[in-house]
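Single-letter residue listing:
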Amino acid sequence: MTDTPELHRPVKADALPAQGRTMNIVATDDELQAIKNRLDLTALRFLEGTITLKPEMGRQISLHGAIRAEIVQNCVITGDPLTTVLDFALSRVFQEDADPFEGLNNDEDDDAITDPDIEEPDPIEDGVIDVGEQMVEELALNIPPYPRSPGASVSEIADEPGRSESAASPFAVLASLKDQMKSKD
């Protein structure tokens, strides 16, 4: 990685004690601003987590924890700001010699059966696990893709004054084009 992540909390994999290490991470105001920009949020009010890294058998390191964040997005229907508090778990496994492209090359073993419930370990890059970056990645996965204010409905958009029926339905436009083409024949 050439760029430093917005929430940079590196941990050297070979420096972990056998019982593991627990970290309490709270993003600073500058980090919140940078993460907000990266994830295209209206606002990110807080991001915090308690994360435990622990060496496991097979030269693997498990990363488990709980994350809380408060985000502000715009409602996809009304455009009004919508605040959401997210509570979610983070669970990953890392391995020094893990292949980051495992499973992406379908040229060989096309008939191989894989268990979708078993995740391949993530690679440890340069002997370091960036716990902060793992939190930001998991936050990105937990952001509601189409936030809607309570009570907002699509009919509000269709009922806007000055909005024609054809603007409300792209299929109406296609139907009229089809009719025009038939009349030219």
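Check the entry above for the structure.
The structure reproduced in this document is the subject of the present report. (Residues numbered from 1 in each chain as written. Predicted model: local features only at pLDDT ≥ 70, side-chain atom pairs only at ≥ 80, totals over all residues. Heavy atoms only, no water.)

1. Considerations on the packing of helix 1 (residues 29-39) against helix 2 (residues 131-142)
Here is step 1 of the chain: At a closest axis distance of 11 Å, the pairing of helix 1 and helix 2 adopts a crossing angle of 40 degrees. With respect to helix 2, the element helix 1 is oriented oblique. Crossing handedness for the pair helix 1 and helix 2: right-handed. Note on element contacts: helix 2 touches helix 1 through Glu-133, Val-136, Glu-137, Leu-139 and Ala-140, opposite Ile-35, Arg-38 and Leu-39.
Here is step 2 of the chain: Here the contact of helix 1 with helix 2 is composed, by residue class, of five nonpolar, no polar and three charged. (Axes fitted to C-alpha atoms, helices over the stretch in contact; angles between N-to-C directions. Helix = DSSP H or I, 4+ residues; strand = E, 2+ residues; numbered from the N terminus. Parallel < 35°, antiparallel > 145°, perpendicular 65-115°, else oblique. Left-handed = near helix turned anticlockwise from the far one by under 90°. Contact = heavy atoms within 4.5 Å. Nonpolar A, V, L, I, M, F, W, Y, C, P; charged D, E, K, R; others polar.)

2. What about the pattern of salt bridges?
Here is step 1 of the chain: Using the criterion set out here, one finds eight salt bridges in the structure.
Here is step 2 of the chain: Residues Arg-68 and Glu-48 are paired through a salt bridge, measuring 3.8 Å at the closest nitrogen-oxygen approach. Placement of Arg-68 in strand 4 (residues 60-74) and of Glu-48 in strand 3 (residues 43-56) is noted, with a sequence separation of 20 residues between them.
Here is step 3 of the chain: Its relative accessible area of 34% is what places Arg-68 among the partly exposed residues.
Here is step 4 of the chain: Glu-48 gets classed as partly exposed once you look at its relative accessible area, which sits at 30%.
Here is step 5 of the chain: Across the pair Glu-138 and Arg-92 runs a salt bridge, and its minimum N-O distance is 2.8 Å. Of this pair, Glu-138 sits in helix 2 while Arg-92 sits in strand 5 (residues 81-95), placing them 46 residues apart in sequence.
Here is step 6 of the chain: With relative accessibility at 14%, the residue Glu-138 sits in the buried group. (Salt bridge = Lys/Arg side-chain N within 4 Å of Asp/Glu carboxyl O. Buried < 20%, exposed > 50% of the residue type's maximum accessible area, 1.4 Å probe, protein only.)

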